Amino acid sequence: MRVLQFGATGQVARSLLDRAAQGAVAIDALDRAQADLRDPEGCAAAILQADRPDIVVNAAAYTAVDRAESEEATAHLVNAAAPAAMAAACAQRGLPFIHLSTDYVFDGGSAAPCREDDPVAPLNAYGRSKAAGEAAIAAACPNHVILRTSWVFSPYGTNFLKTMVRLGCERERLRIVDDQVGGPPPPSPRRCSRSGAGSRRATAAGASSISPVRPPPAGATSPRPSSTRRGRTFR
């Protein structure tokens with residue numbers, strides 16, 4: 001199988017490249033210099049001109065949640081307009097399209113685990129941009145799959161788990177928010193949990209002595225969904 005992948009340096013993108021190296025999958029990963037998601041037409045052209053891909057995967061996104069509050073137009077361009085253009089190009093070539101989205105399309109207000117068919121109700125600019133991308137993809141390409149991730153961790157980049165391990169080695173006590181619940185999957189599809197869930201504080205437990213706090217994390221400017229436990233992973 002030959003995969004055309006948008007994204008080459010993010011956590012999921014690099015993990016997919018690692019996984020492909022272990023099997024019979026060839027990934028042509030496009031970095032920002034090769035396909036800038038701020039240029040939707042360029043992203044579409046990359047698909048239309050690609051040499052015989054079997055499938056297209058979008059593992060790139062604007063993910064600066066707090067900065068998106070002041071850069072919503074850019075977040076929408078990258079997270080909605082570019083994936084829409086990709087989806088339309090895939091439909092034109094008859095290619096399946098896999099797109100990574102986020103649990104931030106939900107408001108986190110339900111006590112029940114999130115399902116794929118739950119209505120979206122994003123609380124912040126980042127979530128709105130991702131929800132708009134989902135809707136545009138569904139309208140443009142019938143042969144698509146949208147995967148909503150949450151709390152992704154991996155050996156690469158910066159993530160909550162790595163930060164907790166680092167801080168646990170540096171400090172005797174950590175102050176962690178205790179009002180956010182979700183399911184942190186590693187980006188390896190063979191190890192994704194269908195229904196495992198926990199709070200930020202529980203995820204950090206064991207790294208150090210933990211003090212639960214309820215205010216938003218220092219520096220946070222946008223609201224977060226409080227609970228995005230997963231129900232069914234696929235329909």
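Conventions and cut-offs
- Residues numbered from 1 in each chain as written.
- Predicted model: local features only at pLDDT ≥ 70, side-chain atom pairs only at ≥ 80, totals over all residues.
- Heavy atoms only, no water.
- Helix = DSSP H or I, 4+ residues; strand = E, 2+ residues; numbered from the N terminus.
- Buried < 20%, exposed > 50% of the residue type's maximum accessible area, 1.4 Å probe, protein only.
- Contact = heavy atoms within 4.5 Å.
- Areas by Shrake-Rupley, 256 points an atom, 1.4 Å probe, with all protein chains shown as cover.
- Pairing = 2+ DSSP bridges.
- Right-handed = clockwise from strand over helix to strand, strands pointing away.
- Axes fitted to C-alpha atoms, helices over the stretch in contact; angles between N-to-C directions.
- Phe/Tyr/Trp six-rings, centres within 6.5 Å; stacked < 30°, edge-to-face > 60°.
- Expected span 1.5 Å × (residues − 1).

A. Seen up close, the overall build of the protein. Assigned secondary structure in the protein consists of six helices and nine strands. The 235 residues of the protein split such that 42% are buried. Contacts in the protein between residues far apart in sequence, at least 24 positions, make up 75% of those at least 6 positions apart. Element-wise, carbon and sulfur atoms account for 53% of the exposed surface of the protein, whose accessible area totals about 12000 Å².

B. Local environment of the pairing of strand E2 (residues 26-30). Of the pairings in the sheet, the one linking strand E1 (residues 2-6) to E2 comprises five bridges and is parallel in character. Note that in E2 the partner of Phe-6 across the bridge is Leu-30. Handedness of the E1-helix H1 (residues 11-21)-E2 crossover: right-handed.

C. Structural view of the sheet that holds strand E3 (residues 55-58). What the five strands build is an open sheet, ordered E2-E1-E3-E4-E5; its pairing is parallel. Where the open sheet ends on each side, the last strands, each with one partner, are E2 and strand E5 (144-149). Direction aside, neighbouring strands of the sheet carry axes that sit 20° apart on average. Contacting E1, E2, E3 and strand E4 (97-102), H1 crosses the sheet at an angle of about 155° to E2. Packed on one face of the sheet, helix H4 (residues 125-140) meets E4 and E5 and runs near 155° to E4.

D. Spotlight on the packing of aromatic side chains. If you walk through the whole model with that rule in mind, you get one aromatic pair. Their ring planes at 75° and their centres at 5.6 Å tell us that Tyr-104 and Tyr-126 sit as a pair that is edge-to-face. Here the residue Tyr-104 occupies a position in the loop between E4 and H4, and Tyr-126 occupies one in helix H4, the gap between them amounting to 22 residues. Here Tyr-104 and Tyr-126 have matching classes, each one buried.

E. Structural view of H4. The end-to-end C-alpha distance of H4 is 22 Å, a good match for the 22 Å that 16 residues give at a rise of 1.5 Å each. Contacts made by the buried residues of H4 are with helix H3 (72-93), E4 and E5.

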